[in-house]
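Breakdown of the fold
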2 protein chains.
Amino acid sequence: MSEQLSRGGANGNRKPSATIYDIARELELSPSTVSRALNKPGRIAAKTERRIRDAAAKLGYRGNPMARSLPTGRTRMLGLVVSDVTNPVFFRLVRGAEKACSELGYTLVLAESQESGELEYGTLDRLLPAVDGVVLAAARLEDDQIHQIAASTDVVLINRRVGELSAIVPDIDDGVAQAIDHLATLGHTSIAYLAGPAISWMSRERGERVFEHAVARGMIFVEIGPTSPDLVGGQSALRRVHASGMSAVLAYNDLMAIGLLRACRAEGIDVPGDLSIMGFDDIFGADLTTPALTTVRSPLDRAGDAAVRSLVATLDGIEPAAADPLPTEIVVRESTAAPH
Amino acid sequence: MSEQLSRGGANGNRKPSATIYDIARELELSPSTVSRALNKPGRIAAKTERRIRDAAAKLGYRGNPMARSLPTGRTRMLGLVVSDVTNPVFFRLVRGAEKACSELGYTLVLAESQESGELEYGTLDRLLPAVDGVVLAAARLEDDQIHQIAASTDVVLINRRVGELSAIVPDIDDGVAQAIDHLATLGHTSIAYLAGPAISWMSRERGERVFEHAVARGMIFVEIGPTSPDLVGGQSALRRVHASGMSAVLAYNDLMAIGLLRACRAEGIDVPGDLSIMGFDDIFGADLTTPALTTVRSPLDRAGDAAVRSLVATLDGIEPAAADPLPTEIVVRESTAAPH
DNA sequence: TTGTAAGCGTTATCAG
DNA sequence: CTGATAACGCTTACAA
């Protein structure tokens, strides 16, 4: 009997979990039969399969994902890369992706891409070799970096288009049309778009759509920014928004819109009396502000779900089904009103 | 030359990344030398090490985490299990854990434990064998289930104590003392605690602390609930809160407090005039409400960080350093005032 | 239907 | 300081 020496030197004395060898020995079968019985149901004598399954259950067999992934090259793990885990925009996205993964038998690994330089060493470097593919919701990565990632693993983008890479992009045109319509109907004739970071594809795209719809309506349009896509970005933009003389502003996202809202409050500017403010996304908290934020809702949860399903389909060698449109729509609350 | 057949049948024709064998061949060395050079720096001739590192860089060697984990039994992945990924309470927690993992060279896998039954098959079952340990912030799991998990992997709890398992629990006593003090100073003589789910250790703990401090102050105390720890839980509790006749209420968490706030607004109850409301945690959005929420801030980011560091220490066979106290404190905003 | 054996990329042990 | 060689747990031709 060889000494049972616990390798790894790590923690207490946990009994190593059962392997297919343990099952095989118990039943006097060969490991390969056990392996087959467990993951190719039906390709084996029904009775043998029963015995194997029973023994597996009895021994508490779990299966070692790492060992499995070595011969197959698949880990059944997917990465989700976001630029900032604390940004509420991503919550619904994460939820959608998580759920889809779970349903499809995959494990989701969440990573943050913060600064672009981090692509060299760090989280992403550790993540990439460990997953079968990644969903990228990282607005701050450069196109180059994305191509670089796509060179080593399968990729699905969210809220962004880069070359021919597959991407899930909600159809914002609808939502923007509704937004402009809403403002025009209220009587606004001028509008400002408060842009996010210059590198953000979605910020540019939203700006573009707003611009198109605004001029189609004969409205005055100006763009302000770029700014950081968060509360302080919105807050700091107030002076310029004010200086522009526009009666309504659409911010790149809700965080910025809320920041702007706060700044207005601090400065004694009445919203929506003096200024109508709208955001994008409808994040958690958008209905908690005073006034509650009117916004263009983005189906982030469905986007997360769709991205994962598309990725898994690709992994399985299936042409991903043409994604549904993922429409956006406005949610009218209290931060917009007729100008005076 | 054997046919280069792409295994896995998955995706396009990505070139398989370099292995230590490729490097060894290139340099006419043995794979073991390469392995040593790469992860035991110094234990090898400086010149050889140089050559190996250069070749590795040249070939774009990445290293295969799965292959590594097979002999070592360590995956350098940690799990973070939360009960609901969309609950804003967890954002700062996730951020703290993510950052610590990143710094320590680990990869964080996020999982949701939603219903307790899911422990049998599903996410957790897939997660556990793949990680070196887990951080559990899953208030809804039963003690039994946690013990079950702890039997197969290293565990650190957050905001909860179960047996002797290591746990990171902020010192709420301080925060609660401040909260009661604040209310007493304002002139409140009666207080309700709005409890979360009965299974939540933290909900009971907070209730207990509030109770103790309230009676110590000679205040009337009642407990209402249990309720679901979210907006609707708070909302639905209003009638009972109102019926209790208390002039102030402390909700188990901010989500519930905000729900209550909303319900008050809908019913025309003035906050803080008719009722003072406080929450716990200081989640994103707590300062966006009207009135802005007074709350007991919980250092969730530091808790996440501490949990990961403690876990990794245990994994490395080091006795985790006695954790700092992680004090809580109140953040006074607008939802509390003198009763009339 | 089942067994044999080779291999997946690393690390670790033991010689040289 | 470096090189064989044997694991690690599993999958998968190929044989029986």
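A quick note: this is a predicted structure, and the numbers were derived from the prediction, not measured. (Residues numbered from 1 in each chain as written. Chains lettered and ligands numbered in written order. Predicted model: local features only at pLDDT ≥ 70, side-chain atom pairs only at ≥ 80, totals over all residues. Heavy atoms only, no water.)

Summing up its helical and strand segments, chain A has 13 helices and eleven strands in all. The C-alpha radius of gyration computed for chain A amounts to 26 Å, which surpasses the reference 20 Å derived for 340 residues by more than 25%, pointing to a less compact arrangement than a globule. Across its three principal axes, chain A shows a C-alpha extent of roughly 85 × 40 × 35 Å. Considering chain A as a whole, with its 340 residues, one finds that 52% of them fall into the buried category. In chain A, once contacts between residues fewer than 6 apart in sequence are set aside, the share between residues at least 24 apart is 71%. A total of about 15,300 Å² of accessible surface is found on chain A, and carbon and sulfur atoms cover 50% of it. (Helix = DSSP H or I, 4+ residues; strand = E, 2+ residues; numbered from the N terminus. Rg over C-alpha atoms; globule rule 2.2 N^0.38 Å. Buried < 20%, exposed > 50% of the residue type's maximum accessible area, 1.4 Å probe, protein only. Contact = heavy atoms within 4.5 Å. Areas by Shrake-Rupley, 256 points an atom, 1.4 Å probe, with all protein chains shown as cover.)

Another aspect to go through is the nonpolar core. Residues I277 of chain A together with I277 of chain B are the most contacted members of the largest nonpolar core, which totals 151 residues. Excluding its chain neighbours within four sequence positions, the residues that come into contact with I277 of chain A are V249, A257, L260, L261, C264, V271, L293, T294, S335 and T336 of chain A. In this structure, A138 and L157 of chain A together with M77 and V155 of chain B belong to the second largest nonpolar core, which totals 40 residues. (Core = buried A, V, L, I, M, F, W, Y, C linked by side-chain atoms within 4.5 Å.)

Once that is clear, we can look at the protein's contact with DNA strand D. For DNA strand D, the set of nearby residues contains 27 residues, the closest of which are I20, S35, Y61 and R68 of chain A together with T33 of chain B. In this structure, a phosphate oxygen belonging to DNA strand D sits 3.3 Å away from a main-chain N or O atom of N64 of chain A. Within the side chain of T33 of chain B, a nitrogen or oxygen atom sits 2.5 Å from a phosphate oxygen of DNA strand D. Of all elements in the fold, only α1 (20-27), α2 (31-39) and α4 (65-72) of chain A together with α2 (31-39) and α4 (65-72) of chain B reach the threshold of two or more residues within the surface near DNA strand D. Among the elements that line the surface near DNA strand D, the one with the most residues is α4 of chain A, at five residues. Per-class residue counts for the surface near DNA strand D are eleven nonpolar, eleven polar and five charged. (Near = heavy atom within 4 Å. Polar contact = N/O pair within 3.5 Å; in protein donor to acceptor, adjacent residues only side chain to side chain. Nonpolar A, V, L, I, M, F, W, Y, C, P; charged D, E, K, R; others polar.)

The next thing to look at is the pattern of salt bridges. Tallied over the entire structure, the rule returns 36 salt bridges over all chains. A cluster of three or more residues bridged by salt bridges with shared partners is formed by R74, D132 and D316 of chain A. (Salt bridge = Lys/Arg side-chain N within 4 Å of Asp/Glu carboxyl O.)

A word on the protein's contact with DNA strand C. If you check the shell around DNA strand C, you find 28 residues, and the closest are S32, T33 and T48 of chain A together with S35 and R68 of chain B. Within 4 Å of the protein, the atoms of DNA strand C are drawn from sugar and phosphate moieties in a proportion of 61%. Side-chain polar atom of N39 of chain B to a phosphate oxygen of DNA strand C: 2.9 Å apart, as the coordinates give it. Per element, the largest residue contribution to the surface near DNA strand C is five residues, and it comes from α4 of chain B.

Attention now goes to the relation of the copies chain B and chain A. Between chain B and chain A, which share one sequence, the superposing operator has a rotation angle of 180° and an axial displacement of 0.0 Å; the RMSD is 0.1 Å. Such values leave the two copies arranged in the relation of a two-fold axis. Comparing contact sets, 100% of the residues at the interface of chain B also lie at the interface in chain A, consistent with an isologous, same-surface contact. (Least-squares fit on C-alpha atoms with pLDDT ≥ 70 in both.)

Take the interface of chain B and chain A next. Between chain B and chain A, the contact holds 64 residues from the first and 66 residues from the second. The junction of chain B with chain A conceals about 5,100 Å² of combined surface from both sides, 54% of it contributed by carbon and sulfur atoms. Per-residue buried area on chain B facing chain A is highest for M66, F284 and L288 of chain B; these three make up 13% of the total on that side. At the boundary of chain B and chain A, one finds eight salt bridges. Between D125 of chain B and R62 of chain A there is a salt bridge, and its shortest N-O distance comes to 2.5 Å. Across the chain B-chain A interface, the total number found is 15 residue pairs in polar contact (both at pLDDT 80 or more). (Buried area = accessible area lost by both parts, 1.4 Å probe.)

As a further point, take unusual backbone geometry. Residue and element names in this part refer to chain A. The peptide bond linking T290 to P291 adopts the cis configuration, its omega dihedral lying at -5°. Even without being glycine, L326 reaches a positive phi, approximately 55°. Residue placement: L326 occurs in the loop between α13 (300-315) and β11 (329-331). Note on L326: relative accessible area 5%, which makes it buried.

Further remarks concern the UniProt feature "domain: HTH lacI-type" (unreviewed entry) in chain A. Mapped onto this numbering, the UniProt entry gives "domain: HTH lacI-type" (unreviewed entry) at residues 18-72 of chain A. The distance separating the terminal C-alpha atoms of residues 18-72 of chain A is 21 Å; by composition the span is 71% helix and 0% strand. (UniProt positions renumbered as here; feature names shortened; annotations may be inferred.)

This brings us to helix α12 (residues 254-267) of chain B. All names here are of chain B. Taking 1.5 Å per residue as the helical rise, α12 with its 14 residues ought to reach 20 Å, and the 20 Å between its terminal C-alpha atoms agrees with that figure. Counting buried positions over the 14 residues of α12 gives ten, a clear majority of the element. Turning to α12, its buried residues number three or more, namely D254, L255, M256, A257, I258, G259, L260, L261, A263 and C264. Residues of α12 that are buried sit in contact with β6 (190-194), α10 (231-236), α11 (238-244), β8 (248-251), β9 (276-281) and β10 (294-297). Measuring from the backbone nitrogen of L255 back to the side-chain oxygen at the start of α12 gives 3.2 Å, which picks out N253 as the cap. (Expected span 1.5 Å × (residues − 1).)

The next subject is the packing of helix α5 (residues 89-104) of chain B against helix α13 (residues 300-315) of chain B. All names here are of chain B. Put simply, α5 and α13 touch, their axes get as near as 7 Å, and they point 40° apart. Between α5 and α13 lies a crossing whose hand is right-handed. Contacts from V89, R92, L93, G96, A97, A100, C101, E103 and L104 in α5 reach L300, D301, A303, G304, D305, V308, R309 and V312 in α13. Considered class by class, the residues forming the contact of α5 with α13 number ten nonpolar, two polar and five charged. (Axes fitted to C-alpha atoms, helices over the stretch in contact; angles between N-to-C directions. Left-handed = near helix turned anticlockwise from the far one by under 90°.)

Right, let's get into the domain arrangement of chain A. All names here are of chain A. Each assigned domain of chain A is listed with its residue range as follows: domain 1 (2-63), domain 2 (75-169 + 300-315) and domain 3 (172-298). With centres defined by C-alpha atoms, the gap from domain 2 to domain 3 works out at 28 Å. Summed over both partners, the interface of domain 2 with domain 3 comes to about 1,200 Å²; 61% of that surface belongs to carbon and sulfur atoms. Between domain 2 and domain 3 we count zero salt bridges in total. (Domains from an automatic or database assignment.)

This part is about the state of the cysteines. What makes a disulfide is a covalent bond joining the sulfur atoms belonging to two cysteines. Counting across every chain of the model gives zero disulfides over all chains. Free cysteine: C101 of chain B, not disulfide-bonded; nearest cysteine sulfur from C101 of chain A at 18 Å. Residue classification places C101 of chain B among the buried positions, given a relative accessible area of 0%. (Disulfide = S-S within 2.5 Å.)

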